[in-house]
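# Observations on the three-dimensional arrangement
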Amino acid sequence: MGSINVGVDVGGTFTDFMLVDGEKGIFRTAKVPTTVDDRAKGFLEGIAKLGVSPSEISWLVHGTTAGTNAVLEHKGARCGLITTQGFRDVLELGRRTRPNSYGLSGTFRPLIERQDRIEVRERMDSNGGIVEPLHEEDVIAAVEQFRLRGVESVVIHFLHSYANPEHEKRAAEIVRKLWHTADVVAGHECVREMREFERGSTAAVHAAIRPIVTSYVRRVGELLAAEGFKNELMIMQANGGMMAASVVGDHAAHTVMSGPAAGVLAASQIAKAAGVKNIITGDMGGTSYDVALIADGEPVISAEKELAYALPVRIPMIDIHTVGAGGGSIARVDTAGMLRIGPESAGSFPGPIAYGRGGKLPTVTDANYLLGRLNHDAITGVESPASLSEIESVFSEHLGKALGMSALEAAQAVVGVAVSELAGAIRLISIDKGQDPRDFVLMPYGGAGPLHAVAIAREVGVPKVLVPRFPGLTSALGCVLSDVRHDFVQTVNAPFDSLDPQDVIAVMQAQADAGRELLRRENVSVEQVVVRNELDLMYQGQTHVMKLPTDAGVFNKEQVRQEFARAYLDRFGLDLPEMKPVLANVRTTVIGVRDRISIDIFRPDEGNTLEAALVGSRKAFFDGRWHETNIYSRERLPAGAVFVGPAIVEQADSTVVIDPGTRATVDKFGNILIDLHA
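The residue numbering used here restarts from 1 in each chain and proceeds along that chain's sequence as written. A pLDDT threshold of at least 70 governs which residues receive local features in this predicted model, and a stricter bar of 80 or more applies before side-chain atom pairs are shown or counted, although totals over entire chains, interfaces and linings include all residues. Working from all heavy atoms in the structure, the side-chain values ignore hydrogens and water.

Below, the discussion takes up the sheet that holds strand 10 (residues 184–186). Pairing in this open sheet of four strands is parallel, and the strands run 6-5-9-10 from one edge to the other. A single partner strand is all that each edge strand has here, and the edge strands are strand 6 (117–120) and strand 10. When the angles between neighbouring strand axes are averaged without regard to direction, this sheet yields 20°. Any two strands between which DSSP finds at least two bridges are classified as paired. Runs of E in the DSSP output that reach at least two residues are strands. Runs of H or I that reach at least four are helices, and both are numbered from the N terminus. Note that strand 9 (residues 153–157) and strand 10 share three bridges and pair parallel. By the bridge assignment for strand 10, Val-155 is matched with Val-185. Any two residues whose heavy atoms approach within 4.5 Å are treated as being in contact. Fitting a line to C-alpha atoms yields each axis, with helices limited to the stretch in contact; the angle taken between N-to-C directions then spans 0 to 180 degrees. Along the sheet face, helix 4 (residues 136–149) touches strand 5 (79–84), strand 6 and strand 9 and points at about 165° away from the line of strand 6. In the packing of helix 7 (residues 196–226) onto the sheet, the strands contacted are strand 5, strand 9 and strand 10, and the crossing angle to strand 9 comes to about 160°.

Looking now at the environment of Tyr-216. Among the structural elements, Tyr-216 can be located in helix 7. Note: C-alpha distance between Tyr-216 and Ala-66 (150 residues apart in sequence) is 8.1 Å. Not counting residues up to four positions away in its chain, the partners in contact with Tyr-216 are Val-10, Arg-39, Ala-40, Phe-43, His-62, Thr-64 and Ala-66. Contacts described as polar in this section are N or O atom pairs within 3.5 Å, which, within protein, must combine one atom able to donate a hydrogen with one able to accept it, while residues neighboring in sequence count only if both atoms come from side chains. At 2.8 Å, the side chain of Tyr-216 forms a polar contact with the side chain of His-62.

A pair of Phe, Tyr and Trp rings is counted when the ring centres sit within 6.5 Å of each other, with Trp represented by its six-membered ring. The angle between the planes then sorts it: under 30 degrees is stacked, over 60 is edge-to-face, the rest tilted. Going through the model one piece at a time under the given rule, you end up with twelve aromatic pairs. On the numbers, 4.8 Å between centres and 40° between planes, the contact of Tyr-539 with Phe-564 is tilted. Residue Tyr-539 is located in strand 26 (residues 528–539), and its partner Phe-564 is located in helix 15 (residues 557–572); the two are separated by 25 residues in the primary sequence. What makes Tyr-539 buried here is its relative accessible area of 4%. For every residue, the accessible area obtained with a 1.4 Å probe (protein chains only) is divided by the maximum for its type, and the residue is called buried under 20%, exposed over 50%, and partly exposed between those limits. Phe-564 gets classed as buried once you look at its relative accessible area, which sits at 2%.

For the rest of this paragraph, the subject is the nonpolar core. Put simply, buried Ala, Val, Leu, Ile, Met, Phe, Trp, Tyr and Cys residues joined by side-chain atoms within 4.5 Å make one nonpolar core. Core analysis: the biggest nonpolar cluster contains 101 residues, and Val-6, Met-18, Phe-43, Leu-60, Val-205 and Leu-233 have the highest contact counts within it. Non-local contacts of Leu-60, meaning those with residues more than four positions away in its chain, are made with Val-6, Val-8, Phe-43, Ile-47, Leu-224, Phe-229, Glu-232, Leu-233 and Met-234. Counting 72 residues, the second-largest nonpolar core is a separate cluster that includes Ala-354, Leu-399, Leu-451 and Ala-620.

Turning our eyes to something else, we now look at the layout of surface pockets. Considered as a void within the structure, the second largest pocket measures approximately 760 Å³ in volume. Lining the second largest pocket are 35 residues, with His-188, Glu-189, Cys-190, His-251 and Phe-488 sitting closest to its centre. Sorting the residues of the lining of the second largest pocket by element identifies strand 10, helix 6 (187–190), helix 7, strand 25 (484–495) and helix 14 (501–522) as the ones contributing at least two each. Among the elements that make up the lining of the second largest pocket, the one with the highest residue count is helix 14 (seven residues). In this classification, Asp, Glu, Lys and Arg are treated as charged, Ala, Val, Leu, Ile, Met, Phe, Trp, Tyr, Cys and Pro as nonpolar, and every other residue, Gly included, as polar. Here the residues of the lining of the second largest pocket sort into 15 nonpolar, ten polar and ten charged. Both cavities and pockets are sets of points on a 1 Å grid over the protein atoms alone; in a cavity a 1.4 Å probe fits but cannot get out, in a pocket the set is open with protein on both sides within 12 Å along at least five of seven lines, and lining residues sit with an atom within 4 Å of a point. Grid points are joined across faces, edges and corners, and a volume is the space filled by probe spheres set on the points.

Following Gly-342, the chain continues to Pro-343 via a peptide bond in cis, the omega torsion being 0°. Tracing the backbone through its elements, the reader meets Pro-343 in strand 22 (residues 339–345). In this model, Gly-645 is joined to Pro-646 through a cis peptide bond whose omega is 10°. Note that Pro-646 resides in the loop between strand 31 (642–644) and strand 32 (647–651). Even without being glycine, Asn-493 reaches a positive phi, approximately 50°. Within the secondary structure, Asn-493 is located in strand 25. Residue Asn-493 is classed as partly exposed on the basis of its relative accessible area of 37%. A positive phi angle is found at Asp-623, which is not glycine, with a value near 50°. Mapping Asp-623 onto the fold places it in the loop between strand 29 (614–622) and strand 30 (625–633).

The length a helix should cover is 1.5 Å for every residue beyond the first. The end-to-end C-alpha distance of helix 15, which contains 16 residues, comes to 22 Å, matching closely the 22 Å that a straight helix rising 1.5 Å per residue would cover. When helix 15 is considered as a whole, its buried residues turn out to be Lys-557, Val-560, Phe-564 and Tyr-568. Angular distribution of buried residues about the axis of helix 15 spans 70°; they occupy a single face of the element. Following helix 15 by one or two positions, Gly-573 has its phi on the positive side, about 70°. Taken from the helix axis, the directions to the C-beta atoms give the arc we talk about.

The next thing to look at is the side chain of Arg-314. Within the secondary structure layout, Arg-314 lies in the loop between strand 18 (311–313) and strand 19 (317–318). At 2.2 Å, the side chain of Arg-314 and the side chain of Glu-304 are in polar contact. Residues contacting Arg-314, with those up to four places away along its chain left out, are Val-191, Glu-193, Met-194, Arg-195, Glu-198, Thr-202, Ala-303 and Glu-304.

Following this line, the structure appears as structure tokens:
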């Protein structure tokens, strides 16, 4: 295999491409508007813009939002659920939480409608013992009903199948013989972990997006093959690893949030190289803002993510919080006279007013053009931008009149409200989880992230901002930097006193073997295979677990008992020698490690100078008045350059705004470190 690696991230507004040739030490980038009607078309257009033939590409890694969007917009496949008698409404009852903290407002729409949820006679107890055998005729009757109702995808979810999946296996076997497609999902195949609602929700998400993800990936693969691509197309997962397109149908739920996860992975690698351990990431694209925490150089991994209210997905994934505020988010005045931003977005078509594609509603991006922070004469992917006077007129008509403001004041208010909302997202993943933002550095990326980073950092008290070399392409870079990865979990739920260590080791071994088998099926070349184990532990009577890493394939009961007591004491300040520890779950991660790609290739050219990088100036609006602001070209900035705000750094994929009273320094990798207290 050669050394050409290509990462592709399809966002709501733009599709980003990053090519890295490890042998030659070169890279290329491309950015095209997302073709919403046919995302595969934009995929091929971007590959062509990279100036490389698909036949030359060794690794092609793709982060996709197809599954995430289908779930959030309830546009997934119509699903039918076959479940244990008496448990038809588990997915709708959930945990009986409320959409809003106060009052009785708010609605919940289940992913599978009640009419498409059918009970069958069968029952397992929590230890995996058969209480009532599976009545196979009930399963056959359910399939016939689904056929008549136009169901597209079938979920089989039985009580306690994590302990004994035999009934689910047999039901799946029956359904697969009778069903007209491969879209049949058994719950234990997605996750073998207790908690009936979360496990069922994960299986439902998997079934809802499986036909969408597989058909999209198949179409991309066929188009690539027609252009000469000979290797396996790889798909990013929510855990920060990737998998082969050939197995995506069995792991569709793992593609949820895969694009944002790639960005966090890249951020962690960039931060390590820059010598920064604690990072808060802020990925702002056209439609959303995704934030995550990187502590001690590693992204925080969560075992569960709630995609929307009462819609959890119980798979290992990078802990990312999303708010519906991006560069294309539409600003409006609500019936109470309050200025609101999003969640509706102008997208890439028609896009913001400035794009000149027919957009008529004010957006965050348009506000930045009015404030002079974006270059109106050089808009990526736009040939005939709308005039500033046209943008000003819309702001005055839609916002200014209702708020009693001029168009300029309304634009400043739009940016201010957006910054406040984005800062709130950062507080949720830092302060609300016991972390002090002052101990972190903010890393903004996405096309719009660096525009607002300094203002957001000031709002939450973060002292420094680190802007990567290609902020608008960071998620595409994460695809290039990722390894092949598969995660497994199995519930044990047994007190230590009754545990046989060999049984636990057997579970670890079976999971490791399953991971290696997946790597074999994927037929990809990796440098080495790494296996990691983790234990979910709690004291008897508790409901929440603590995760404890352990040596791969090893379970020393007494040693684990002592380490758990120590970890519990460190976390909660409590020593509970009288309590009995319980092993809830065994987790295994199998990683196929690829050749490492060095970010040294992004070092600025040695011939660059600060004088050459200064390409002009323009007036930009900060803190209620206009400032004459220096404009720098990012690609011409030298390592070691130091300059102060107000300043604007422009590049093809993003714009960096350096507010008055701050100082910027370019490091040896081309990152810009902005010190708010210099």
